[in-house]
Amino acid sequence: MKKGKKVWTNEEVAKLLRAVAAAYQIKGGKNAKFKAIAYDRAATAIEHSTSEAKDLWDDGQLDQLSGVGPSIAQHLDELFRTGRVKHFDEVLSGLPPAMFELIQIKGIGPKTAFKLCQALGIRKAKNALKRLEEAARDGEISRVVGFGSDSEAKILRSIKRFVQIGQKKKRMLLVKADFIAQELIDYLIQCPEVISADPLGSLRRRCATVGDIDLALATDQPQRVIDWIKRYSEVKEILRSGERLISVLLKSGHQIDLRLHPPDSYGSLLQHFTGSKQHNIHLRELALEQGLSLSEYGIKKLKAKSEKRKKFKSEKDFYQYLGLEWIPPELREDRGEIEAAMENGLPTLVKLEDMRGDLHIHSSFHIESSHDEGVDSMETIVKRGVELGYQYLAFTEHNPSRSRHTTRETIAIIKRKAHYIEQKRSSWINNLNIYVFNGLEVDIRPNGSLALPEAALDYLDFVIVSIHSIFDLSRREMTARILKALSHPKAKILAHPTGRLLNRREGYEVDWEPIFEFCRQNNKFLEINAYPERLDLPDVLVREAIKRGVKLVINTDSHAVEQLDYLRYGIDVARRGWAEAKDIVNTLPLKEFARAMGIEI
DNA sequence: GCCGTTTTCGGCCCGACTGTTTTCAGTCG
């Protein structure tokens, strides 16, 4: 195999920075504690970054990451250039490399890891976890000073879990987290002592993927609620259980943390554990300047003699007390929302009720396409669209397979579909008050041309263009490919623009700047694909697009009628990207929408 | 080591839970 330069993923860079942080904690020294915090924060920033740190470095943008300052940036520069960092080597020297493997285990921090490595004689990184596991099995850990049989058992469980998750290593899709949380909430609210139950954390912020599920419960009888939770039939193991907190592992392998508070301070609880961590840290720093100290129980005045805390039933009151507008959970990522809230400058986020139609739907109309056809008839889908309150929708099956049809056959198929819709359209309008557009989702070929004959395009109101194969073009080629496709007069929408599949595939490489610019100038729209595995455009790019005046559409890409309900996941993404109704074209009433699309109806 | 709506110096979020050395350090979120 050719020996190439090592590619540093964000995950690897973060792991290295965490090792340095851990080393500072063990070695101590001047400011070591705060250096450790700084390195930890930098690691988190890089883990959470939507761009690869290496790419940012390539573009000289490393300092854009909040938490990466001049010193760490310089070290990373050395890392990416030479493959190692002299300063890091010095900090890490003298410590057993194995400990940096062990700190990945939940419950084992730097001090514990160091102590274990020393006592058990584990040094090398390789097989460190395996050796720790063996030591635990043999009862060696319980004989180490400071450890007992309980911690030994706990370490064993944590390792087991780490290995299990490590194999999957995936955060669950938002839709799945919704399902698990809802089932549990349905069970919890049957408990007479539960006053309310709400999601927290990334689930409440509606992130595309969710790690652990956190729930908040309002109750005056925490012990009885804890007992109720322990009796939930899906619980496999109680991981920990206190007066206000219980963590359980479900049979499905998912961890749920439940936090209990009395109703009079429930607002503080919701706020505190909705996060994000960065949002809360920023908020606390802000509060500190006002002489206030925030916690999950409320707000304390630092100078006041009394220990009394101001409690908050609702989040609104909490934010108001700090002089801020209430910030929707989707925005709480410390991306400027706190500053905006100070000036009453938060956006009025788009809502599900604002939506007037869905433009990316695959029916079962037999079109002999190269990709999946839908399973439900146009009739069924139209009826559901009416139930959802839509004024319009569009059928956009995939283009007929090019390899299996001649040009003439392809045109015939498209003509057949056009005639079918034409024939039905007036009855749908008159009887159901819904307008049906005749669209198509057309593959963009590698050279940027559309995989549909020009003559067939004439029969369509508009087409959605998208990339379904040949993902590995260079950034420049891919950008040119997309721009060329969008430049066709019938191409109005770029579907699932990055091509990512959550947990399965990264998006392809594209330069967004020219695409944003082209869309803005030529009335082309980027799709927020609401299909739970896509959620594409991603929230960060939604924000960038909007800033540049690009209009978006939110579509489900449904292949079955029940998937029309997935539109809410597209709304989640749009809201996380600060989108208002005016930014989303399919919030427009029918006539204005048609005008925006350049379609005569 | 990072960062700035009174700061380029002087701070750095706050509290619960766990296990053990039983009075608190370590870890987590």
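Before any of the text, the structure's been laid out above.
In this numbering scheme, every chain counts its residues from 1 along its sequence in written order. Whichever chain is written first becomes A and whichever ligand is written first becomes 1, with later ones labelled in order. Totals for whole chains, interfaces and linings use all residues, but because this is a predicted model, local features are given only for residues with pLDDT of at least 70 and pairs of side-chain atoms are given and counted only at 80 or more. As a convention, hydrogens and water are excluded, and side-chain values are obtained from all of the structure's heavy atoms.

Participant: Any chance you could explain the overall build of chain A here in plain terms?
Facilitator: Looking only at helices and strands, one finds 24 helices and 17 strands in chain A. Here the C-alpha radius of gyration of chain A, 27 Å, is about what a compact globule of 601 residues would show, namely 25 Å. Seen along its three principal axes, the alpha-carbon backbone of chain A occupies a region of about 80 × 65 × 50 Å. Taking all 601 residues of chain A together, 52% fall into the buried category. We call two residues in contact whenever any of their non-hydrogen atoms come within 4.5 Å of each other. Summarising the internal contacts of chain A: among those between residues at least 6 apart in sequence, 67% fall at separations of at least 24. With an accessible surface of roughly 28,900 Å², chain A has 49% of that area assigned to carbon and sulfur atoms. Seen as two clouds, the 94 positive and the 84 negative side-chain charges of chain A have centres 5 Å apart. By definition, any uninterrupted DSSP run of H or I lasting at least four residues is a helix, any uninterrupted run of E lasting at least two residues is a strand, and each is numbered from the N terminus. Two things to know: the radius of gyration comes from C-alpha atoms, and the globule rule equals 2.2 Å times the number of residues to the power 0.38. Partly exposed residues are those whose accessible area sits between 20% and 50% of the maximum for their type, while under 20% is buried and over 50% is exposed, using a 1.4 Å probe and protein chains only. Values of accessible area rely on a 1.4 Å probe in the Shrake-Rupley scheme; residue burial ignores everything except the protein chains shown. Counted charges follow a simple rule, with Lys and Arg positive, Asp and Glu negative, and His plus the chain ends left uncounted. Taken as the charge location is NZ of Lys, CZ of Arg, CG of Asp or CD of Glu.

Participant: Looking at this model, I keep getting lost on the pattern of salt bridges. Mind explaining?
Facilitator: When the charged atoms of two side chains lie near each other, side chains of opposite charge can form a pair. Salt bridge, as used here: a side-chain nitrogen of Lys or Arg that lies within 4 Å of a carboxyl oxygen of Asp or Glu. Summed over all chains, the structure comprises 35 salt bridges. The shortest N-O distance in the salt bridge between R41 and E285 comes to 4.0 Å. Placement of the pair is R41 in helix α2 (residues 32–48) and E285 in helix α14 (residues 277–289), with a sequence separation of 244 residues. For R41, a relative accessible area of 37% gives the class partly exposed.

Participant: Even after reading the chapter, I still don't get the nonpolar core, so can you show me in this structure?
Facilitator: The tendency in soluble globular proteins is for nonpolar side chains to be buried as a group. Counting 94 residues, the largest nonpolar core has I213, L258 and L526 as its most contacted members. No other element matches the eight residues that helix α10 (residues 174–188) contributes to this core. Domain start and stop points were drawn from an automatic or database domain assignment. Here this core spans two domains, since at least three of its residues come from each of domain 2 (172–261) and domain 4 (356–597). Beyond its immediate stretch of four places on either side in the chain, I213 contacts M172, A177, I180, A181, L203, Q255, I256 and D257. By size, the runner-up hydrophobic cluster in this structure holds 53 residues, among which are A42, I72, F80 and L132. The nonpolar core is taken to be a set of buried Ala, Val, Leu, Ile, Met, Phe, Trp, Tyr and Cys residues, with the residues joined through side-chain atoms within 4.5 Å.

Participant: Explain the layout of surface pockets to me, please; I cannot follow it from the model alone.
Facilitator: A probe matching the size of a water molecule, rolled over the atoms, marks out where space remains unfilled. By volume, the second largest pocket is sized at about 410 Å³. As defined here, a cavity is a set of points on a 1 Å grid over the protein atoms alone where a 1.4 Å probe fits but cannot get out. A pocket is an open set with protein on both sides within 12 Å along at least five of seven lines, and residues line them when an atom is within 4 Å of a point. Surrounding the second largest pocket, 17 residues form its lining, W8, E12, L16, A19 and L92 being those nearest its centre. For the lining of the second largest pocket, the secondary-structure elements that each account for two or more residues are α1 (10–27), α5 (86–92) and α6 (98–102). Residue contributions to the lining of the second largest pocket peak at four residues, all from α1. Grid points are joined across faces, edges and corners, and a volume is the space filled by probe spheres set on the points.

Participant: Would you mind going over the protein's contact with DNA strand B with me for this structure?
Facilitator: Whether a residue is near a molecule or strand is decided by its heavy atoms; if any one of them lies within 4 Å of it, the residue is near. Within the structure, DNA strand B sits among 48 residues, and G67, G107, G146, G148 and R284 are positioned closest to it. Looking at DNA strand B alone, sugar and phosphate atoms form 75% of those within 4 Å of the protein. In the model, a phosphate oxygen of DNA strand B is placed 2.7 Å from a nitrogen or oxygen of the G109 main chain. Whenever a nitrogen or oxygen atom comes within 3.5 Å of another N or O atom, the pair is scored as a polar contact, on the condition that within protein one atom can donate a hydrogen and the other can accept it, and that pairs from neighbouring residues in sequence are kept only if both atoms are in side chains. With respect to DNA strand B, the backbone of E243 contributes an N or O atom lying 3.2 Å from a phosphate oxygen. Counting only elements with at least two residues in the surface near DNA strand B, the list comes to α2, α4 (70–82), α7 (110–120), α9 (149–168), β5 (235–241), α14 and β8 (292–295).

Participant: Is there a simple way to explain the sheet that holds strand β4 (residues 213–218) in this structure?
Facilitator: Strand-to-strand pairing in sheets goes through backbone hydrogen bonds, with the strands running parallel or antiparallel. Spatial strand order, β2-β4-β7-β6-β5: five strands in an open sheet with mixed pairing. In the strand order of this sheet, the two ends are held by β2 (196–199) and β5, each with one partner. The average undirected angle you get between the axes of adjacent strands in this sheet is 25°. One ladder, built from five bridges, connects β5 with strand β6 (residues 245–250); its direction is antiparallel. In the strand pairing of β6, I238 is matched with V248. For helices, the fitted axis covers only the stretch in contact; all axes are lines through C-alpha atoms, and the angles between them, taken along N-to-C directions, range from 0 to 180 degrees. Seen against the sheet, α10 touches β2, β4, β6 and β7 (255–261) and runs at an angle of roughly 25° to β4. Packing of helix α13 (residues 266–274) onto the sheet brings it into contact with β2, β4 and β7, and relative to β4 it is tilted by some 170°. The rule for pairing is simple: two strands pair if DSSP sees at least two bridges between them.

Participant: How should unusual backbone geometry be read in this particular structure?
Facilitator: The phi angle of most residues is negative, glycine excepted, and most peptide bonds adopt the trans form. Looking along the chain, the bond that leaves G275 and enters S276 is cis, with omega of -5°. Locating S276 in the fold gives a position in the loop between α13 and α14. Here the amide bond leading from D536 into L537 is cis, since omega sits at 20°, within 30 degrees of zero. Residue position: L537 is located in the loop between β16 (525–529) and α22 (539–547). With phi around 60°, R206 is a residue other than glycine that occupies positive phi space. Positionally, R206 belongs in the loop between α11 (201–204) and β3 (209–210).

Participant: What am I meant to see in the pairing of β16 here?
Facilitator: A regular strand carries its side chains on alternate faces of the sheet. Burial within β16 is extensive, with five of its five residues counted as buried. Burial of β16 is two-sided: the residues F525, E527 and N529 facing one way and the residues L526 and I528 facing the other way are all buried. Pairing between β16 and strand β17 (residues 552–555): four bridges, direction parallel. The partner of N529 across the bridge, within β17, is N555. Handedness of the crossover joining β16 and β17 through α22: right-handed. Handedness of a crossover is defined as follows: orient the strands so they point away from the viewer, and if the path from the first strand over the helix to the second runs clockwise, the crossover is right-handed.

Participant: Got a minute to help me understand the packing of helix α17 (residues 378–387) against helix α18 (residues 407–432) in this structure?
Facilitator: Two numbers describe a pair of packed helices, the interaxial angle and the distance between the axes. Relative to each other, α17 and α18 sit at 35°, their axes nearing to 12 Å. The hand of the α17/α18 crossing is right-handed. Across from M378, E379, V382 and V386 in α17, the residues of α18 making contact are K417, Y420, I421, K424, W428 and L432. Class assignment for the residues of the contact of α17 with α18 results in seven nonpolar, no polar and three charged. What makes a crossing left-handed is the near helix being turned counterclockwise from the far one by less than a right angle; a clockwise turn instead makes it right-handed. Basically, the charged four are Asp, Glu, Lys and Arg, the nonpolar ten are Ala, Val, Leu, Ile, Met, Phe, Trp, Tyr, Cys and Pro, and anything else, Gly included, counts as polar.

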